[in-house]
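This is what each chain is made of:
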Amino acid sequence: MRYYNMDLKRLYIIIISTMTLCLTGHAQSFTLTGRVVDDWGDPMEMATVSVLSQGKVAMTDLKGDYKMELRSEDSVVVKFSMVGYKTKTRVLHRPKGKQTLMIRLVEDQQLLNEVVVTQQIRQTTGTEQLDVKDIKQAPSASGNAVEEMIQGQAGVSSHSELSSQYNVRGGSFDENSVYINSVEVYRPFLVRSGQQEGLSIINPDMVERVGFAAGGFEAKFGDKMSSALDIQYRRPERLEATVAASLLGASAYVGLTDKKKKLTWSNGLRYKTNKYLLGSMETKGEYDPNFLDYQTYLTYRPNQRWSLELIGDISENHYNFHPKDRETKFGTMESVKSFRVYFDGQEKDVFRTLFGTFNLTRHFGEKSSISVIGSAFSTNEQERYDIQGQYWLTQTETSENLGVGTYMEHARNYLKANVQSIKLMAKHKVGKHDVEAAVTWRHEHIRENSREYEMRDSSGYSIPHTGKDLYMIYSLNAQNELRANRTEMYVQDTYKFMNAAQTTFYTLNYGVRFAHWNFNRESIFSPRVALAIVPSWNHDATLRFATGFYYQAPFFKELRDTATVNGITYATLNNKVKSQRSIHFIAAYDQRFKMMDRPFKFTAEAYYKLLSNLVPYTVNNVKIVYDASQQCDGHAVGLDLKLYGEFVPGSDSWLTFSVMNTRMKINGKSIPMPTDQRYSMNLFFTDYFPGTERWKMSLKLAFADGLPFGAPHRSLDVMPFRAPAYKRADIGMSFRALDNEKRENKKNPIRNIWLGLDCLNLFGINNVNSYYWITDVTNQQYAVPNYLTGRQVNFRVQVEF
């Protein structure tokens, strides 16, 4: 009985101890809830809330809310963090029951002479947000800062520093869409060389945001196969102005706003001349190119319900050229050839462009709006030249005369185009969905009157020589007119959600696009979907997947079909040409990390594009000539890598590397596409001089594989050669002569004065842009390289008010 009582007491003690521990353990747990907002009080989604001592991590939802179950301790340290914002720490002392913490995170602006940590926005769609602030002080040959930045991105290539055009993942120049404030813009049609291009329509002084998608882009972007560039002009917050000048041109910008900021007005004027830069090319002569552009952007919002935006652009580009002579040496170390030409004649080109848009929006609160957007584009282009060249081709080592002859190039090309459009767009946010839909009607009217020919005479014989008839080596006659209407519509939804445990964040973008063109009576249907995942095991990582149908709706150039009669080639419009198609498959991985206590981002993106209904084409300089008589299939596959971050504290830089393979099957042969750039690498590096914040250095490096090419006026399936690799280095030094950004001297209206010195093509590399082909009487052909600009020094000054 005694032992029984002893055992019973022990049992009571065990039961009471267990209940006590359970009650104590229950008392030591508590619930932590709250919300995380930014400087403006807006909820921050995907912010990280962590208690490292307990191994607990949570993420905020779409409303910025979070909830965690934690153990109570003497002190519980809670950290709130997000990339691009300063981490905040809160300590709870012996917390019990339910605790609430409302946290406001501020941006981590590591300032050093206006250099702000950028590109911290997490990419959850195919569009990457870029920043143009750092490149305004970068060396530039073309003066088109935005396009030069795009040319340095992964998967993008350009083989001419004079051109603002670019290839994206094996696509042609015409496969890239450009939008300014939700309106698609157009390029001139007759431009055949970078020397003629001048200024692009994008004014860097007026740009607020730049979004670029190299593939897998949303349904709201139009019917182009390769890329989408989305530009948003900014509304000035105060009176601001910028004046800049260099040996290559000048620009001025003024931004105004009223006291209540209901009315804003931005004005930009740009002038560019390539005379100094073109003087470094091998073809000597009198270059007189000048390009002038004026843009205005007006916004008016009288109340919370209505807003109005107006954009206007007037551009006039003149290219006048009187060539004199040229000497080019080419070949190998063992066999060097010299090509010397003496010229007569001149070239006079004019490109006049008018562009205007209006956007009237009715706002229904902060979540809904309906907009009516109208636009008009008009261009009047004239390309006129009569140039005769007498040439000698010799073998340098032996002075042997390989060929003597004369060629005559003539052109009278005139084109007028007018495009008007009206667009009805609706946006609505409901719950976790962001819905956007639009319908667009567009009228296109283009008139072309072109006549050009090339005559070659070698040793007294006209080429091609038959012994009976007299033919030009090339002759084209085109009189075409296009009148057509195009209807487009799309609907898309961006759905953001989390898993049940609120540890994994998803962004699903899906949509569909429809278009009909009455010229070829074709309707196209383009479904697209993209998914981004922020996994629970790594909140600094993002997995992205995208697929969809992307059509290249034919426009004027793709429709031109040619037929040769009695040695003369006639160009007509082929209304049977259908849209080219590309099916995108994309998988990407983004990783944000810190190295040496500085932010970095690494991106890897693999893609495969299944191509069909391709219209074959050739590329000469920047001129694309299509063969609308046939269509073929092909593919493009590659990998793009990019490292972005502060290589040097306080300044942003990036390094990209891409590999790619493209093929198309034409006439039963599988050949590389004209844009088959197998590899490329680009570096944009910025730095400050040690011990000072006034001196800034910018370095741009480009190294890209050469493109395939063949003899002109031959079958498109014969491209046996490949041009040398494109290699270029530009470096610029900038000195901040005046720093009044913080307005310490309020009497001085000047905020900053920058002085710059650039060395363009630092190593003086002769890059090949195209080839001139010489044919002797025996039909032997020689490809003479046309080199781009040499080493040049540019001085610039910029004053900011």
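Preceding block: the structure.
Conventions used here
- Residue numbering note: each chain is counted from 1, following its sequence as written.
- Reporting of local features is limited, given that this is a predicted model, to residues whose pLDDT is at least 70; pairs of side-chain atoms are given and counted only at 80 or more, and all residues count toward the totals for whole chains, interfaces and linings.
- The basis for the side-chain values is all heavy atoms of the structure; hydrogens and waters are excluded.
- When DSSP finds two or more bridges between a pair of strands, those strands are recorded as paired.
- Put simply, DSSP marks the helices as runs of H or I at least four residues long and the strands as runs of E at least two long, and each gets a number from the N terminus on.
- Whether two residues are in contact is decided by their heavy atoms, any of which lying within 4.5 Å being enough.
- Whenever a helix is involved, its axis is fitted only over the stretch in contact; in every case the axis is a line through C-alpha atoms, and angles between N-to-C directions fall within 0 to 180 degrees.
- In this scheme Phe, Tyr and Trp rings, the latter by its six-membered ring, pair at centre separations within 6.5 Å, and the angle between planes marks the pair as stacked below 30 degrees, edge-to-face above 60, and tilted otherwise.
- For every residue, the accessible area obtained with a 1.4 Å probe (protein chains only) is divided by the maximum for its type, and the residue is called buried under 20%, exposed over 50%, and partly exposed between those limits.
- Within the patch definition used here, like charges are joined within 9 Å and nonpolar side chains (Val, Leu, Ile, Met, Phe, Trp, Tyr) within 5 Å, considering only residues with over 30% relative accessible area and no salt bridge.
- Here, Shrake-Rupley sampling with a 1.4 Å probe gives the accessible areas, and only protein chains in the shown set may cover a residue.
- By definition here, a salt bridge exists when the distance from a side-chain nitrogen of Lys or Arg to a carboxyl oxygen of Asp or Glu is within 4 Å.
- Think of it this way: Lys and Arg go in the positive column, Asp and Glu in the negative one, and His and the chain ends go nowhere.
- Note on charges: their place is set at NZ of Lys, CZ of Arg, CG of Asp or CD of Glu.

Undergrad: Where do I start with the sheet that holds strand β11 (residues 176–180) in this structure?
TA: Strand pairing in a sheet relies on backbone hydrogen bonds. The paired strands run either parallel or antiparallel. Across the sheet, five strands lie side by side as β8-β13-β14-β11-β12; this open sheet has mixed pairing. The sheet is open, and its two edges are formed by β8 (128–130) and β12 (183–184), each paired on a single side. With six bridges joining them, strand β13 (residues 207–213) and strand β14 (residues 227–233) adopt antiparallel strand pairing. Each bridged residue has a counterpart across the sheet, and for Ala-213 the counterpart in β14 is Ala-228.

Undergrad: Looking at this model, I keep getting lost on the environment of Trp-392. Mind explaining?
TA: Within the secondary structure, Trp-392 sits in strand β21 (residues 368–395). A sequence separation of 243 residues divides Trp-392 from His-635, and the C-alpha atoms of the two residues are 42 Å apart. Apart from residues no more than four positions distant in its own chain, Trp-392 is found in contact with Ser-338, Phe-339, Arg-340, Tyr-342, Asn-401, Gly-403 and Val-404.

Undergrad: Is there a simple way to think about the sheet that holds strand β1 (residues 29–37) in this case?
TA: Pairing in this open sheet of three strands is mixed, and the strands run β4-β1-β7 from one edge to the other. Here the strands that pair on one side only, and so sit at the sheet edges, are β4 (65–71) and β7 (97–104). On average, each strand axis in the sheet is tilted by 20° relative to the strand beside it, whichever way the strands run. As judged from the seven bridges shared by β1 and β4, these two strands associate in the antiparallel manner. From the neighbouring strand, Leu-32 faces β4, where its bridge partner is Met-68.

Undergrad: How do you make sense of the packing of aromatic side chains when you look at a structure like this?
TA: Each aromatic ring pair is specified by the distance between its two centres and by the angle formed by the two planes. On inspection of all chains with the given rule, the structure shows 31 aromatic pairs. Ring centres 6.3 Å apart and planes at 40° place the aromatic pair Tyr-319 and Phe-321 in the tilted group. For the pair Tyr-319 and Phe-321, a shared accessibility class is recorded, and that class is buried. Here the aromatic rings of Phe-593 and Phe-600 are separated by 5.7 Å at their centres, their planes lie at 10°, and the arrangement is stacked. According to the relative accessible area criterion, Phe-593 is partly exposed, its value standing at 29%. Residue classification places Phe-600 among the buried positions, given a relative accessible area of 6%.

Undergrad: How should a positive patch on the surface be read in this particular structure?
TA: Taken together, the side chains of Lys-63, Lys-367, Lys-427, Lys-429 and Lys-432 present a region of like positive charge at the surface. Taking relative accessible area as the criterion, Lys-432 reaches 42% and is therefore assigned partly exposed.

Undergrad: I'm lost on the pattern of salt bridges in this one. Help?
TA: Close approach of charged atoms allows side chains with opposite charge to pair. For the coordinates displayed, the defined rule picks out 34 salt bridges. Across the salt bridge formed by Arg-796 and Asp-758, the nearest N and O atoms sit 2.8 Å from each other. Of this pair, Arg-796 sits in strand β46 (residues 792–800) while Asp-758 sits in strand β43 (residues 752–760), and the two are 38 residues apart along the sequence. For Asp-758, a relative accessible area of 2% gives the class buried.

Any link to function would need more than the numbers given here.
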